[in-house]
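Now for the letters of each chain:
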Amino acid sequence: MALIFKDGRPVVRLRAFRAIDDPKTCELFIAGHEHVLTAIGVKKVTSSKNDWMYNPAAFVLIVESLDGERVFGGARIHVAGGSQPLPIEEATGNMDSKIFDLVWDYAQEGTGEGCGLWNSREIAGYGIGSIFLTRAAIAIAPRIGIKSMFALCAPYTINLTKCVGYRQETSVGNNGTFYYPKLDLLATTMILDDVQSLHLASEEDRNAIMDLRSQGEVVRVEKLRNKEIEIHYDLQLEGLKNWDLKEVIANARKSYLKGEFDEKDIQLF
């Protein structure tokens with residue numbers, strides 16, 4: 001199904017699921033994300049490797065057609081303690097090993113990382129690849145059980161992440177910044193310290209996130225810069241019966257104490 005319009009607005013579904021529960025949609029996510037990265041000249045990004053499909057601690061947010069056959073954007077949350085380090089650890093660990101200590105400090109109470117955010121050209125300008133996926137990811141974070149979230153942000157997304165409650169973390173890299181994914185691109189380390197209260201978020205963003213969190217399934221007409229889009233939200237995360245955050249935290253502890261990070265994964269390209 002191609003992108004459909006209703007009353008002049010695009011109509012899409014924004015759905016959340018655990019990666020291992022829906023491999024078909026994960027493959028659609030990967031294909032779409034790789035196409036976007038190639039278009040901006042990034043042919044290989046450490047954190048875009050496809051191992052996350054099999055990571056039991058990876059969650060996916062997908063923007064798709066109502067029949068699920070077309071994907072227009074997406075994002076992920078990786079929880080520390082899964083089958084791979086967080087993407088921010090893979091991306092920056094060879095530049096500053098303090099990132100491992102920082103992640104572990106937060107992982108003891110459950111932490112994750114928002115990553116892999118993208119949208120296709122056909123839906124550009126409607127806020128999917130920026131605010132609406134970001135809000136949805138934060139909305140489901142307490143359902144997963146994590147207390148905090150990391151993000152590695154391009155310069156043009158820093159203000160957006162601050163609006164939803166993140167702050168810049170200056171203890172790693174060069175005042176929190178790294179050259180990633182290419183030497184001419186700068187990325188900044190951001191942390192959302194409390195996904196529950198969102199005390200640093202703007203009132204507008206906090207209210208929007210709390211509404212999504214309380215409703216789970218809802219149809220909303222969202223507006224950004226005079227452009228409207230109809231989003232059918234499905235954020236219930238029904239398939240969590242086998243999800244055990246305590247086990248994931250225990251695995252994070254084991255990996256941290258033993259230093260079990262595969263050096264071939266910790267590289268810039």
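Remember, it's a predicted structure, so these values are computed and weren't measured experimentally. (Residues numbered from 1 in each chain as written. Predicted model: local features only at pLDDT ≥ 70, side-chain atom pairs only at ≥ 80, totals over all residues. Heavy atoms only, no water.)

(A) Examining the overall build of the protein chain more closely. On a plain count of helices and strands, the protein chain comes out with 7 helices and 11 strands. Over its C-alpha atoms the protein chain spans a radius of gyration of 17 Å, differing by no more than 12% from the 18 Å that the globule rule assigns to 269 residues. C-alpha extents for the protein chain along the principal axes are approximately 55 × 40 × 35 Å. Taken across its 269 residues, the protein chain has 54% of its residues classed as buried. Split by element, the accessible area of the protein chain, about 12,300 Å² in all, is 49% carbon and sulfur. (Helix = DSSP H or I, 4+ residues; strand = E, 2+ residues; numbered from the N terminus. Rg over C-alpha atoms; globule rule 2.2 N^0.38 Å. Buried < 20%, exposed > 50% of the residue type's maximum accessible area, 1.4 Å probe, protein only. Areas by Shrake-Rupley, 256 points an atom, 1.4 Å probe, with all protein chains shown as cover.)

(B) Geometry of a nonpolar patch on the surface. A cluster of nonpolar residues, Tyr-179, Leu-183 and Leu-186, forms a patch on the protein surface that exposes about 320 Å² of accessible area. Mapped onto the secondary structure, Tyr-179 falls in strand 8 (residues 177-179). (Patch = residues over 30% accessible without salt bridge, like charges linked within 9 Å, V, L, I, M, F, W, Y side chains within 5 Å. Salt bridge = Lys/Arg side-chain N within 4 Å of Asp/Glu carboxyl O.)

(C) Highlighting the side chain of Glu-169. Structurally, the position occupied by Glu-169 is in the loop between strand 7 (167-168) and strand 8. Side-chain polar atoms of Glu-169 contact the side chain of Arg-167, separated by 3.0 Å. For Glu-169, the side chain forms a polar contact with the side chain of Ser-171, separated by 2.5 Å. With sequence-adjacent residues up to four places away left out, Glu-169 is seen in contact with Leu-102, Asn-175, Gly-176, Thr-189, Met-190 and Ile-191. (Polar contact = N/O pair within 3.5 Å; in protein donor to acceptor, adjacent residues only side chain to side chain. Contact = heavy atoms within 4.5 Å.)

(D) Molecular detail of the pairing of strand 9 (residues 186-192). Of all 7 residues making up strand 9, 6 are buried, and the element is well covered by its neighbours. Bridging between strand 7 and strand 9 involves 2 bridges; their strand directions are antiparallel. Bridge pairing links Arg-167 to Ile-191 in strand 9. In the sheet, strand 8 pairs with strand 9 via 3 bridges, with the strands oriented antiparallel. By the bridge assignment for strand 9, Phe-178 is matched with Ala-187. (Pairing = 2+ DSSP bridges.)

(E) Layout of the packing of helix 4 (residues 128-144) against helix 6 (residues 203-215). The contact between helix 4 and helix 6 brings their axes to 8 Å, and the two run at 55 degrees. Overall, the two elements helix 4 and helix 6 adopt an arrangement that is oblique. Pair helix 4 / helix 6 crosses with right-handed handedness. The residues of helix 6 that touch helix 4, namely those facing Ile-131, Arg-135, Ala-136, Ile-138, Ala-139 and Pro-142, are Glu-204, Asp-205, Ala-208, Ile-209, Leu-212 and Arg-213. Along the lines of polarity and charge, the residues of the contact of helix 4 with helix 6 split into 8 nonpolar, no polar and 4 charged. (Axes fitted to C-alpha atoms, helices over the stretch in contact; angles between N-to-C directions. Parallel < 35°, antiparallel > 145°, perpendicular 65-115°, else oblique. Left-handed = near helix turned anticlockwise from the far one by under 90°. Nonpolar A, V, L, I, M, F, W, Y, C, P; charged D, E, K, R; others polar.)

(F) The arrangement of the pattern of salt bridges in detail. Inspection of the entire model under this criterion finds 13 salt bridges. Across the pair Asp-22 and Arg-15 runs a salt bridge, and its minimum N-O distance is 3.1 Å. According to the relative accessible area criterion, Asp-22 is buried, its value standing at 16%. Arg-167 is the partner of Glu-169 in a salt bridge, and the nearest nitrogen-oxygen pair spans 3.0 Å. Taking the relative accessible area as the measure of exposure, Glu-169 reaches 10% and is therefore buried. When salt bridges with common partners are traced through the structure, they connect Arg-13, Arg-15, Asp-22 and Glu-64 into a single cluster.

(G) Region of interest: helix 4. Summarising burial for helix 4: 13 of the 17 residues are buried, a large majority. The first or second residue beyond helix 4 is Gly-145, which carries a positive phi of 110 degrees.

(H) View of the packing of aromatic side chains. For the coordinates displayed, the defined rule picks out 5 aromatic pairs. Note on Phe-29 and Trp-118: the rings are 5.9 Å apart at their centroids and 90 degrees apart in plane angle, and the pair reads as edge-to-face. With Phe-29 in helix 1 (residues 23-39) and Trp-118 in strand 5 (residues 111-119), this residue pair connects regions lying 89 residues apart in the sequence. Of the aromatic side chains, those joined through ring pairs into one cluster are Phe-29, Trp-52 and Trp-118. Positioned above the aromatic ring of Tyr-126, the side-chain terminus of Lys-227 is 4.3 Å from the ring centre. (Phe/Tyr/Trp six-rings, centres within 6.5 Å; stacked < 30°, edge-to-face > 60°. Lys NZ or Arg CZ within 6 Å of the ring centre and 35° of its normal.)

These results come straight from atomic positions and should not be treated as a statement about function.
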